[in-house]
Amino acid sequence: MVVSDANPALESSADPPVRIDLGEGEELVLSLKPHWIYILIDRPLVLVFAILAAGFGTQLLEGLAQVAVLLIPVAWLLWQLIERASRTYVLTDRRVVMIAGVLRQAVVDVPLANVRQITVIRSIPERVLGLGTVAFATAGTGGQDVIWRVLERPIDTLRTARDTLDRAGARP
């Protein structure tokens, strides 16, 4: 991700690049990616299944089929790495943004004035590792619109978001 001085914009390394043009006087507060452990704890049951399939497959199959089955967990881990790389979370002094997706990219851009609630969600593995998910809900929706998954220091991120909302006059 690059912040350009000549044309203030954020660029994702995804193809094609996603540009988040900063408005006149808009300032970047946070630009985050999920913690690297995201690749393991995002979908742990899939990882367990892939490892079990590889383990049982190597005992039941021979030769090239064994190699193919062993590639299942490797392929899954590579996919998770690509998925993690596709995720970018941005907070400016005017809005909160989430960019995510490999095959189908989603860009959610919400003005701070519309944010009504910020939630920190921490699963057991996240709590043990000091990680968490920060979710932003807007007026008129039944859930969170912007979800920043598996972040380091989620409480610090929450405080920064609240301070930014306070300065913008839009605190939930």
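Data block above holds the structure.
Let me begin by describing the structure that accompanies this report. Since this is a predicted model, take the numbers as computed values, not measurements.

**Things to note about the overall build of the protein**
Part 1 of the argument: In terms of regular secondary structure, the protein is built from 5 helices and 10 strands.
Part 2 of the argument: In the protein, which comprises 172 residues, the proportion classed as buried is 36%.
Part 3 of the argument: Considering only intrachain contacts with a sequence separation of at least 6, the fraction spanning at least 24 residues in the protein is 50%.
Part 4 of the argument: Put simply, the protein shows about 9900 Å² of open surface, and 59% of that area lies on carbon and sulfur atoms.

**Details of the side chain of Glu-26**
Part 1 of the argument: On the secondary structure map, Glu-26 appears in the loop between strand 3 (19-21) and strand 4 (28-32).
Part 2 of the argument: According to the relative accessible area criterion, Glu-26 is buried, its value standing at 10%.
Part 3 of the argument: Of note is the side chain of Glu-26, whose polar atom sits 2.6 Å from the side chain of Thr-92.
Part 4 of the argument: Filtering out sequence-adjacent residues up to four positions away, Glu-26 remains in contact with Asp-21, Thr-92, Asp-93, Arg-94 and Arg-95.

Definitions and cut-offs
- Every chain begins its residue count from 1, and numbering advances along the sequence as written.
- Confidence filtering applies because this is a predicted model: local features only for residues at pLDDT of at least 70, side-chain atom pairs given and counted only at 80 or more, and all residues used for totals across whole chains, interfaces and linings.
- Remark: hydrogens and water are excluded; side-chain values derive from all non-hydrogen atoms of the structure.
- In DSSP terms, a helix is any run of H or I states spanning at least four residues, a strand is any run of E spanning at least two, and both are numbered starting from the N terminus.
- The rule is simple: take the accessible area with a 1.4 Å probe, protein chains only, and divide by the maximum for that residue type; under 20% is buried, over 50% is exposed, in between is partly exposed.
- What makes two residues a contact is simply this: any of their non-hydrogen atoms within 4.5 Å.
- Using a 1.4 Å probe, accessible areas were evaluated by the Shrake-Rupley method; residue-level cover was limited to the displayed protein chains.
- Under this definition, polar contacts are N or O atom pairs within 3.5 Å; protein pairs additionally need one hydrogen-donor-capable and one acceptor-capable atom, and for neighbouring residues in sequence, both atoms have to be side-chain atoms.

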